[in-house]
Amino acid sequence: MTGRRSDMITVPPELAGYHVRFNGEAGGAWIEALPALAERMLDAWELRPTGPGWHGMAALVLPVLRADGGRAALKLQPHEEENEAEPLALRAHDGRGAVRLLEFDPGTCSMLLEWLDAERSLNDVPDSFEAAELLTGLMARLVTTPPPPELRRNLGDIASAMLAQVPGALPSLARDDQRRLLADCAAATRELVGEPGDRLLHWDLHYENVLAPLPDGDRREPWLAIDPKPLVGDVGFDLLPALDNRFDPAETLRRFDLMTEVLALDRARAKGWTLARVLQNGLWAIEDGLTEITPDQVSIAETLLTHR
């Protein structure tokens, strides 16, 4: 059953609150213009909404039918560098291990994507280690895609910027042990910053960002990645989401060993770049006004730092 357009483009209060909270006046302006943007893209791509939309942190997604009757997802998001990079990666993957990009509007960063089964993600696989195995196999396919030349974001620049923030950020932590831990993560990052790697990374490959195709859809692969935040870098920088999502301290080393083996990574480098990712999360927490690193990040970092 199809719905009225006015029902499909109602802006969820949680989505509006996120944009106002983190983007201020610009975020409020984008939210205000969102219904008109939805109407514009529906018209431009001859789409018909088929139900209420849903949202993640920053984007609104509308289920739609194309002119040929095929199902698709209209993703509406702000025009930002991160969002400009997403279609570059999806176009490069061309459906190999990732959701297929059908249309893209560079002026608004709106995308039309193939429809996947939002009710079946790797987060629904009961056994967490099996989910990690499936995610690792998918990552192994994704990182074989050559990075698109237009992709400007790279791990070297990101790591250098993180290291520059560390001296000013450490005093914000309330505990001496956590200051020392973050300093150790920074030291590990400093050793690797000159060799940042050259693979296409997803940057947010956790279990909820891996969906199954529809039962009657394109079954080219059993699982497909969505929502990349792509950059060019070392594959070791992409391991942490598989460790801190569905977090289980008893599985940290087992998952880490699995991923480094399947991905054929140098374990010392993978450890260093995983600690760099802990550093990044710690710096983000400090930017958000927190005075402690979350327990899962502490546990993972301590496990890797003490493991030889």
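Description of the structure in this document. Within each chain, residue numbers correspond to sequence positions counted from 1 in written order. Reporting of local features is limited, given that this is a predicted model, to residues whose pLDDT is at least 70; pairs of side-chain atoms are given and counted only at 80 or more, and all residues count toward the totals for whole chains, interfaces and linings. The side-chain figures draw on all heavy atoms in the structure; neither hydrogens nor water molecules are used.

## So, the pattern of salt bridges
Moving on, step 1. Note on definitions: salt bridges are taken to be side-chain nitrogens of Lys or Arg within 4 Å of carboxyl oxygens of Asp or Glu. Tallied over the full model, the rule gives 19 salt bridges.
Moving on, step 2. Where Arg-175 meets Asp-177, a salt bridge forms, and the shortest distance between an N and an O atom there is 2.7 Å.
Moving on, step 3. A network of salt bridges, in which partner residues are shared, links Asp-94, Arg-96, Arg-100, Glu-114, Asp-218 and Arg-220.

## Here's the deal with the nonpolar core
Moving on, step 1. Buried residues of nine kinds, namely Ala, Val, Leu, Ile, Met, Phe, Trp, Tyr and Cys, make up a nonpolar core once their side-chain atoms join them within 4.5 Å. Residue burial is assigned from relative accessible area. The probe radius is 1.4 Å, only protein chains are included, and a residue is buried under 20% of its type maximum, exposed over 50%, and partly exposed in between. If you look at the biggest cluster of nonpolar residues, it comprises 68 residues, and the most contacted ones within it are Leu-135, Met-139, Leu-239 and Leu-279.
Moving on, step 2. Contact criterion: two residues are considered in contact whenever any of their non-hydrogen atoms come within 4.5 Å of each other. For Leu-135, the contacting residues outside a window of four places in its chain are Leu-122, Leu-205, His-206, Tyr-207, Val-210, Ala-242 and Met-259.
Moving on, step 3. Ile-9, Ala-72, Leu-74 and Leu-112 belong to the second-largest nonpolar core, a separate cluster that totals 19 residues.

## Remarks on the side chain of Thr-260
Moving on, step 1. By the criteria applied, helices consist of DSSP H or I runs no shorter than four residues and strands consist of E runs no shorter than two, each listed in order from the N terminus. Position of Thr-260 relative to the elements: it lies in helix 8 (residues 252–262).
Moving on, step 2. Ignoring anything within four residues of it in the chain, the contact list for Thr-260 reads Leu-239, Leu-265, Arg-267 and Ala-270.

## Overview of helix 6 (residues 176–192)
An α-helical turn contains 3.6 residues, so a residue and the one three or four places further along point in the same direction.
Moving on, step 1. The end-to-end C-alpha distance of helix 6 is 25 Å, a good match for the 24 Å that 17 residues give at a rise of 1.5 Å each.
Moving on, step 2. For helix 6, every residue scored as buried is listed here: Gln-178, Leu-181, Leu-182, Cys-185, Ala-186, Ala-188, Thr-189 and Leu-192. Angular distribution of buried residues about the axis of helix 6 spans 160°; they occupy a single face of the element. In helix 6, the exposed residues that point more than 90 degrees away from the buried face are Arg-180 and Glu-191.
Moving on, step 3. Structurally, helix 6 contributes buried residues whose contacts are with helix 5 (155–169), helix 9 (267–287) and helix 10 (295–306). Multiplying 1.5 Å by the helix residue count minus one yields the expected span of that helix. The directions from the helix axis to the C-beta atoms are what the arc is built from.

## Side note on the packing of aromatic side chains
Moving on, step 1. Two aromatic rings, drawn from Phe, Tyr or Trp (for Trp, its six-membered ring), form a pair once their centres lie within 6.5 Å of each other, and the interplanar angle then sorts them: stacked below 30 degrees, edge-to-face above 60, tilted otherwise. By the definition in use, this model includes two aromatic pairs.
Moving on, step 2. Here Trp-203 and Phe-237 contribute two aromatic rings whose centre-to-centre distance is 6.5 Å and whose plane-to-plane angle is 45°, an arrangement assigned as tilted. With Trp-203 in the loop between strand 8 (199–201) and strand 9 (210–213) and Phe-237 in the loop between strand 11 (231–233) and helix 7 (240–244), this pair connects stretches of sequence that are 34 residues apart. Both residues of the pair, Trp-203 and Phe-237, count as buried.
Moving on, step 3. Measuring from centroid to centroid gives 6.1 Å for Phe-237 and Trp-273, while their planes differ by 85°, and the two rings are edge-to-face. With a gap of 36 residues between them, Phe-237 in the loop between strand 11 and helix 7 and Trp-273 in helix 9 connect regions that are remote in the sequence.
Moving on, step 4. Its relative accessible area of 0% is what places Phe-237 among the buried residues.
Moving on, step 5. An aromatic cluster of three or more residues is present, and its members are Trp-203, Phe-237 and Trp-273.
Moving on, step 6. In this structure, Arg-246 is placed above the aromatic ring of Tyr-207, and the distance from its NZ or CZ to the ring centre is 5.9 Å.
Moving on, step 7. Its end group placed over the ring of Phe-237, Arg-277 keeps NZ or CZ at 5.1 Å from the ring centre. Geometrically, a charge over a ring is one whose NZ (Lys) or CZ (Arg) sits within 6 Å of the ring centre while staying within 35 degrees of the ring normal.

## Topic: helix 4 (residues 128–142)
Moving on, step 1. In this model, helix 4 (15 residues) spans 21 Å end to end at C-alpha, consistent with the 21 Å of a helix rising 1.5 Å per residue.
Moving on, step 2. Summarising the contacts, the buried residues of helix 4 are in contact with helix 3 (81–93), strand 8, strand 9, strand 10 (224–225), helix 7 and helix 8.
Moving on, step 3. Polar contacts, as used here, are pairs of N or O atoms within 3.5 Å; protein pairs need one atom able to donate a hydrogen and one able to accept it. Residues neighboring in sequence count only if both atoms are side-chain atoms. The N-capping residue of helix 4, defined by a side-chain oxygen 2.9 Å from the backbone nitrogen of Phe-129, is Asp-127.

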